[in-house]
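Descriptive analysis of the structure
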Amino acid sequence: MMKVVKFGGSSLASAEQFAKVGKIIHSDKERKYVVPSAPGKRNAKDTKVTDMLYACYALVEADEDFRVPLMKIKDRYDAIINGLNLKLSLEEEFKKITENFKNKAGIDYAASRGEYLNGIIMAAYLDYEFVDAAEVILFDKDGNFDADTTNKVLAGRLAKLERAVIPGFYGAMPDGTVKTFSRGGSDITGSIVSRAVQADCYENWTDVSGFLVADPRIIKNPQPIKTITYRELRELSYMGASVLHEEAVFPVRKAGIPIHIRNTNAPEDEGTWIVESTCQQSQYTITGIAGKKGFVSVNIDKDMMNTEVGFGRKVLSAFEENGISFEHMPSGIDTMTIFVHQPEFEGKEQAVISAIHRLANPDSIELEGDLGLIAVVGRGMKSNRGTAGRIFSALAHANVNVKMIDQGSSELNIIIGVSNADFEDAIRAIYDIFVETQL
């Protein structure tokens, strides 16, 4: 067995947290490759090191003195080093960073130093080899991640190292310029490393014990999800459930490597397994519930719409012309509804309506704002009849007016549209009928 382990910022925020991480890694000899994030918050009033670096580099770009904020960042790392009693100095590294800041090395370079420096400390603490991600995580000249070249280079490098630390979040362009993934990108790095070494498991350690059936800000102590498929995760992540960076799934999914979400502060917890496929039935009919507020529905009516070839394309062209992407598109025989993000749509609504009339000649268009979309996701829904009926019943009992309900052809998810005001009540009602009462 071989495991790649990634630790999030909260897991590495202090020397005490580092000690927990070290204990976890050393407790299992299969944990051979480690991907650290930058130090996160030590408490609610603290600032993440990555945010400190962004603020510091803003001073660089404004041609203001950045040395005092940079030294505060150094203090954060020195506190970890001293707390771990390491014989390590980052003096030369900070001299190099200062020089590169003066030469305006770029915002990506600045942000990446959080992971880079934490990687150096982690390697020293574990007595593992340090591999700079800029040498093995590669982007093309347009700034797009080069998966195939990276896999070849990274696999070749790590084949020579039995144990190594590879910082998350960044890589480099062909000219050596540092390039970062989007925020939370250390998850992606861990997935890339897992694929390169053909790991048996990718453990992603964070500050929660895996995925929950529903948002704990809405449902008190929701049940954990023990096993979830990549497809279910994709549906839930798309609708706002966030424990893992959405793009972290793709490299390991391609290689058939399972992801195990674990809690650094509660390593005894079972966590959540993310797998390609499983014959294990969900404990409940549904796997999870997630949703987002702030949508507008654009309802388009036209008699005999279903007989008009290209009608849908004409309607969507009106949104494309105005640079608006759509979220969901349920349709009937004579009606079509497009759900779009309200903040993105509001300033362009009249231009879109005009374009739809010009391109598609509908009978009428109606707009409704302040809507929420809720996804009820679960592989178990295929084998359980009447899931949609149970949802309707639960929502009616909770006096929630359903604006739209649509089931995907895969039978993996059901999307429900409700008003923003009913959003939380709707989630509570759905959770209650499928998890609490399991009627």
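The structure under discussion appears in the preceding block.
A brief structural summary.

Conventions we followed
- Residues numbered from 1 in each chain as written.
- Predicted model: local features only at pLDDT ≥ 70, side-chain atom pairs only at ≥ 80, totals over all residues.
- Heavy atoms only, no water.
- Helix = DSSP H or I, 4+ residues; strand = E, 2+ residues; numbered from the N terminus.
- Rg over C-alpha atoms; globule rule 2.2 N^0.38 Å.
- Buried < 20%, exposed > 50% of the residue type's maximum accessible area, 1.4 Å probe, protein only.
- Areas by Shrake-Rupley, 256 points an atom, 1.4 Å probe, with all protein chains shown as cover.
- Lys, Arg positive; Asp, Glu negative; His and termini not counted.
- Charge placed at Lys NZ, Arg CZ, Asp CG, Glu CD.
- Axes fitted to C-alpha atoms, helices over the stretch in contact; angles between N-to-C directions.
- Parallel < 35°, antiparallel > 145°, perpendicular 65-115°, else oblique.
- Left-handed = near helix turned anticlockwise from the far one by under 90°.
- Contact = heavy atoms within 4.5 Å.
- Nonpolar A, V, L, I, M, F, W, Y, C, P; charged D, E, K, R; others polar.
- Pairing = 2+ DSSP bridges.
- Salt bridge = Lys/Arg side-chain N within 4 Å of Asp/Glu carboxyl O.
- Polar contact = N/O pair within 3.5 Å; in protein donor to acceptor, adjacent residues only side chain to side chain.
- Expected span 1.5 Å × (residues − 1).
- Arc of directions from axis to C-beta.
- Core = buried A, V, L, I, M, F, W, Y, C linked by side-chain atoms within 4.5 Å.
- Phe/Tyr/Trp six-rings, centres within 6.5 Å; stacked < 30°, edge-to-face > 60°.
- Lys NZ or Arg CZ within 6 Å of the ring centre and 35° of its normal.
- Right-handed = clockwise from strand over helix to strand, strands pointing away.

Within the protein chain, the regular secondary structure consists of 14 helices and 15 strands. Taken over C-alpha atoms, the radius of gyration comes to 25 Å for the protein chain, in line with the 22 Å a tight globule of 439 residues would show. Across the 439 residues that make up the protein chain, the buried fraction comes to 52%. For the protein chain, the exposed area adds up to about 20200 Å²; of that, 47% sits on carbon and sulfur atoms. Positive and negative side-chain charges in the protein chain, numbering 50 and 61 respectively, have mean positions lying 5 Å apart.

Put simply, helix α2 (residues 49-61) and helix α5 (residues 107-126) touch, their axes get as near as 8 Å, and they point 150° apart. Taken as axis vectors, α2 and α5 run roughly antiparallel relative to one another. The handedness of the crossing between α2 and α5 comes out as right-handed. Side by side, α2 and α5 meet where V49, T50, L53, Y54 and Y57 of the first sit next to I107, A110, A111, R113, G114 and E115 of the second. Its residues assigned to classes, the contact of α2 with α5 shows 7 nonpolar, 2 polar and 2 charged.

An order of β12-β11-β13-β15-β14 is seen for the 5 strands of this open sheet, with the pairing classed as antiparallel. Strand pairing shows two members of the sheet lacking a second neighbour, β12 (335-341) and β14 (404-407), which therefore form its edges. Strand-to-strand twist in this sheet, taken as the mean axis angle between neighbours without regard to direction, amounts to 35°. Strand direction decides the pairing type here: strand β13 (residues 364-377) and strand β15 (residues 413-419), joined by 7 bridges, are antiparallel.

Another point: the packing of helix α13 (residues 387-397) against helix α14 (residues 423-436). Their axes nearest at 9 Å, the elements α13 and α14 cross at an angle of 125°. Judged by the inter-axis angle, α13 sits oblique to α14. Seen from above, α13 lies across α14 with right-handed handedness. From α13, T387, R390, I391, A394 and L395 reach across to α14, where they touch A426, A429, I430, I433 and F434. Grouping the constituent residues of the contact of α13 with α14 by class yields 8 nonpolar, 1 polar and 1 charged.

The next thing to look at is the pattern of salt bridges. Applying the stated criterion across every chain, the model contains 25 salt bridges. The residue K3 makes a salt bridge to E203 at a minimum N-O spacing of 3.4 Å. Of this pair, K3 sits in strand β1 (residues 3-7) while E203 sits in strand β7 (residues 201-206); the two residues are 200 residues apart in sequence, bridging distant segments of the chain. K3 sits in the buried class, given a relative accessible area of 12%. Under the relative-accessibility criterion, E203 is labelled buried at 1%. Three or more residues are tied together by salt bridges with common partners; here these are K3, D28, E30, R31, E203 and R262.

As a further point, take the side chain of N420. Here N420 lies in the loop between β15 and α14. Here G294 takes part through its backbone nitrogen, which lies 3.3 Å from a polar atom of the side chain of N420. With residues near it in sequence (within four places) discarded, N420 still touches K293, G294, D370, L371 and G372.

Our focus in this paragraph is helix α6 (residues 147-158). When the terminal C-alpha atoms of α6 are compared, their 16 Å separation across 12 residues agrees well with the 16 Å that a helix rising 1.5 Å per residue should span. Turning to α6, its buried residues number three or more, namely T150, L154 and L158. Along the axis of α6, the buried positions cluster into a sector of 45°, meaning they face one direction only. α6 presents D148 and K152 as exposed residues on the side facing more than 90 degrees away from its buried surface. Where α6 is buried, its residues contact β2 (31-36), β4 (164-165) and α7 (186-196).

Taken together, 8 strands build an open sheet; the order of strands is β3-β4-β2-β1-β7-β9-β10-β8 and the sheet is mixed. The sheet terminates laterally at β3 (129-130) and β8 (227-229), the two strands that pair on one side only. The pairing of β8 with strand β10 (residues 272-275) spans 3 bridges and is parallel. Across the sheet, the residue bridging to I228 is I274, located in β10.

By size, the foremost hydrophobic cluster in this structure holds 116 residues, and its most contacted members are F101 and L158. Not counting residues up to four positions away in its chain, the partners in contact with L158 are Y33, V131, A164, I166, V193 and V197.

Counted under the stated rule, the structure contains 10 aromatic pairs. Aromatic side chains Y77 and F94 sit 6.4 Å apart centroid to centroid with 55° between the ring planes, which places their arrangement in the tilted category. Here the residue Y77 occupies a position in helix α3 (residues 67-83), and F94 occupies one in helix α4 (residues 91-102), the gap between them amounting to 17 residues. As far as the burial class goes, Y77 and F94 line up, both buried. Ring geometry for Y116 and F130: centres 5.6 Å apart, planes at 75°, overall edge-to-face. Taken together, the residues Y116 in helix α5 and F130 in strand β3 connect sequence positions 14 residues apart. Owing to a relative accessible area of 9%, Y116 belongs among the buried residues under this scheme. Judged by its relative accessible area of 25%, F130 is partly exposed. By way of ring pairs, the aromatic residues Y57, F66, F101 and Y109 are connected into one cluster. Sitting above the plane of the Y116 ring, R113 keeps its charged end 4.3 Å from the centroid.

In this section: the pairing of β2. The element β2 is largely enclosed, with a buried count of 5 among its 6 residues. Two elements, β1 and β2, share 5 bridges in a ladder whose sense is parallel. Directly across from F7, in β2, lies its bridge partner P36. With helix α1 (residues 15-26) bridging β1 and its parallel neighbour β2, the resulting β-α-β unit is right-handed. Pairing of β2 with β4 involves 2 bridges; the strand directions are parallel. Residue pairing across strands places Y33 opposite A164, the latter belonging to β4.

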